[in-house]
Amino acid sequence: MSLRKDYIERLIEEFAAALARILKARREKKLAEAQSLIQETASGTLGMEYAALLMADPASTARLLGAPTRVKVLARLVAEDGELIAEQGDAATATSRYQYALALYDEAQALGLTPDADDTAAIARLRGLLAAPDSR
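An account of the accompanying structure is given in this report.

### Quick word on the side chain of glutamate 80
Tracing the backbone through its elements, the reader meets glutamate 80 in helix α5 (residues 68–87). With a relative accessible area of 4%, glutamate 80 lands in the buried category. Contacts of glutamate 80, omitting those with residues within four sequence positions, involve Leu19, Ile22, Leu23, Arg26 and Ile38.

### Let's talk about the nonpolar core
Counting 39 residues, the largest nonpolar core has Tyr50, Leu74, Leu77, Val78, Leu104 and Leu126 as the members making the most contacts within it. Residue assignment for this core shows that the elements contributing at least two residues are α1 (2–27), α2 (31–46), α3 (50–53), α4 (58–65), α5, α6 (91–110) and α7 (117–131). A per-element tally of this core places α5 first, with nine residues. Leucine 77 has contacts with Phe15, Ile22, Ile38, Thr41, Ala42 and Tyr50, leaving out every residue within four places of it along the chain.

### Description of the packing of α5 against α7
Where α5 contacts α7, the two axes come as close as 11 Å, and the packing angle between them is 40 degrees. Regarding α5 and α7, the two cross each other, and that crossing is left-handed. Contact residues: Lys72, Arg76, Ala79 and Glu83 in α5; Asp119, Ala122, Arg125, Leu126 and Leu129 in α7. Classifying every residue of the contact of α5 with α7 gives four nonpolar, no polar and five charged.

### Notes on unusual backbone geometry
Within the chain, lysine 29 stands out as a residue other than glycine whose phi angle is a positive 60 degrees. Following the sequence through the fold, lysine 29 ends up in the loop between α1 and α2. In this structure lysine 29 comes out as exposed when scored by relative accessible area, which is 61%.

Parameters at a glance
Residues numbered from 1 in each chain as written. Predicted model: local features only at pLDDT ≥ 70, side-chain atom pairs only at ≥ 80, totals over all residues. Heavy atoms only, no water. Helix = DSSP H or I, 4+ residues; strand = E, 2+ residues; numbered from the N terminus. Buried < 20%, exposed > 50% of the residue type's maximum accessible area, 1.4 Å probe, protein only. Contact = heavy atoms within 4.5 Å. Core = buried A, V, L, I, M, F, W, Y, C linked by side-chain atoms within 4.5 Å. Axes fitted to C-alpha atoms, helices over the stretch in contact; angles between N-to-C directions. Left-handed = near helix turned anticlockwise from the far one by under 90°. Nonpolar A, V, L, I, M, F, W, Y, C, P; charged D, E, K, R; others polar.

This is the structure we're talking about:
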């Protein structure tokens, strides 16, 4: 059990550091760098290419990732990617990413994830973005 806990803690730490770099690049309007960091983070923390993870439906992807924490990490990456895409003016693709991210959060919860405050905020933000008239 300790090995599993150590793995999950390390995954969360790596993801938190990567997310900070993604958000910093986004704030600095370095959108290409932020998108590259999303891809690197997926590969580094989840062990798969980002594009490959998006090829299947959310339920299949969640089963592939297995652990709710890993699904949560991907959900957050997809949400960030959606916001980057929206900033570049592609509302349709951004909306698709928001929907995919929300579905991943649902799958993570089905796998046993208890959403923390960050998850709850991310889910609420995604729902808000999808409800906005310009996001459709």
